[in-house]
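Examination of the molecular architecture
Listed below, chain by chain, are the residues.
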Amino acid sequence: MAKKGNRLREFEKNHRVLDISTAQAERQKKRVKTKEKKVQENNDGKKKIRISWVKITGLVICTVFIFVVGISVKNIYDLKGRQASLEEENHKLQQEKEELSMELENINSNEYIEEKARRELKLIKSNELVFYFPDHFHLETEKKNGEEQGSRDTKSDTDNTQDTAQNKTEEKESSN
């Protein structure tokens, strides 16, 4: 009898004439029931967890992107600084190269050879006398010269004009 009941229901289901509005209402009821079932199943918190995992994943991706961009910007600034220092070093080396090329041009001249012989080899000409002074002597004479120039610099403009006037009168008297 169970088979007959199933067949009968199936026959009625397939061969009945329905009104369109009633069919739409039945479908709407089915949709509402399935949504209610999903809401009841998801009330356990599964849907909220999914949303939070999506947010966390997006946040992690954004953080990694910002980190990578930050490192790239830092590397660019470091490389620009290094480029500037290398350009400065290059400029210094170019100047040194120019100086050495000028020295190379003068290396075969007699004056250059004579100057190098005097400075590095301490050679002198046959009619020359050489005087050697201790290092502390040079420092003392430089100090004395500096003090004399300092005292000369402190004179006022009127003293300077008086000195020049005296010098002119002395020159006139000596010439007579």
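In this report, the structure presented in the accompanying data block is examined.

What follows is about the overall build of the chain. A tally of regular secondary structure across the chain gives six helices and zero strands. In sequence order, the chain lays out its α and β elements as α-α-α-α-α-α. Taking all 176 residues of the chain together, 2% fall into the buried category. Of the accessible surface of the chain, which amounts to about 17700 Å², a share of 56% is contributed by carbon and sulfur atoms.

A cluster of nonpolar residues, Trp53, Ile56, Val60, Val64, Phe67, Val68 and Ile71, forms a patch on the protein surface that exposes about 690 Å² of accessible area. Structurally, Trp53 is set in helix α3 (residues 46-106). A residue is classified by how much of its surface remains accessible, and Trp53, at 54% relative accessible area, is exposed.

In this structure the tally under the stated criterion is seven salt bridges. One salt bridge connects Arg118 with Glu114, and the closest N-O pair in it is separated by 3.5 Å. On the criterion of helical spacing, the pair formed by Arg118 and Glu114 is a turn pair, its members being four residues apart in helix α4 (residues 110-120). Given a relative accessible area of 30%, Arg118 falls into the partly exposed group. In this structure, the salt-bridge partner of Lys116 is Glu120, at a minimum N-O distance of 3.1 Å. Pair noted here: Lys116 and Glu120 are both in helix α4, with a separation of four residues, about one helical turn. Since its relative accessible area comes to 56%, Glu120 is described here as exposed. Bridged by salt links that share partners, the residues Glu114, Arg118, Lys125 and Glu128 form one connected network.

Reading guide: rules and limits
Residues numbered from 1 in each chain as written. Predicted model: local features only at pLDDT ≥ 70, side-chain atom pairs only at ≥ 80, totals over all residues. Heavy atoms only, no water. Helix = DSSP H or I, 4+ residues; strand = E, 2+ residues; numbered from the N terminus. Buried < 20%, exposed > 50% of the residue type's maximum accessible area, 1.4 Å probe, protein only. Areas by Shrake-Rupley, 256 points an atom, 1.4 Å probe, with all protein chains shown as cover. Patch = residues over 30% accessible without salt bridge, like charges linked within 9 Å, V, L, I, M, F, W, Y side chains within 5 Å. Salt bridge = Lys/Arg side-chain N within 4 Å of Asp/Glu carboxyl O.

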